[in-house]
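What the coordinates show
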Amino acid sequence: MGLLMGTWKAHEGEIQQLKICDNMTFVTSSSDNHLNLWNISDSKPVGSFKGHSDPVIAFSLYYQNEIISGTSNNRIGVHSLVDHQQSFSSNKLRSDVFRGVLSAMELVPMNRQILLGSDNGAIRLLC
């Protein structure tokens, strides 16, 4: 494959997902209830996004400005990538709209919709 360029302890829990933001940074989510923003070149954290009280199972990047995150307790949260100290907001998915446990998510940015996958094999499209 190639040469190992770096390794580091990123979280206290299992890493659930990671995604590239741009050429210099990436985001990780974990069962330790956190999202972290990292610098690729020096492996140093740029920011930490706290607020969830459950493991962050999945997340999507919304236009380089926000992170939309989902937890194992079916809560969807919004974090600012511009201001890491900005207040965090989240909402619980209603059981009549989403059944099961959130296992995957992706944004449809042009339509401001979100695809949610659950542990029971169902996919839901929400707006």
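What this report covers is the structure whose coordinates are included nearby. (Residues numbered from 1 in each chain as written. Predicted model: local features only at pLDDT ≥ 70, side-chain atom pairs only at ≥ 80, totals over all residues. Heavy atoms only, no water.)

Looking at unusual backbone geometry
Defined as follows: The helix and strand labels rest on DSSP assignments: H or I over at least four residues marks a helix, E over at least two residues marks a strand, and numbering proceeds from the N terminus. When accessible area is computed with a 1.4 Å probe and restricted to protein chains, residues below 20% of their type maximum are described as buried, those above 50% as exposed, and intermediate ones as partly exposed.
Despite not being glycine, N33 has its phi angle at roughly 75°, a positive value. Tracing the backbone through its elements, the reader meets N33 in the loop between β2 (25-30) and β3 (35-39). Not every positive phi belongs to a glycine, and S43 is a case in point at roughly 60°. In this fold, S43 is placed in the loop between β3 and β4 (45-49). Assessed through its relative accessible area of 23%, S43 is described here as partly exposed.

Comments concerning the pattern of salt bridges
Note the threshold: By definition here, a salt bridge exists when the distance from a side-chain nitrogen of Lys or Arg to a carboxyl oxygen of Asp or Glu is within 4 Å.
This model, assessed by the stated rule, comprises two salt bridges. In this structure, K19 engages E106 in a salt bridge whose closest nitrogen and oxygen atoms are separated by 3.1 Å. One end of the pair, K19, is in strand β1 (residues 15-20); the other, E106, is in strand β9 (residues 102-108), with 87 residues separating them in the sequence. On the accessibility criterion, E106 (37% relative accessible area) is partly exposed. Taking the shortest distance from any N to any O, the salt bridge between R94 and D96 comes out at 3.0 Å. Each member of the pair, R94 together with D96, is exposed.

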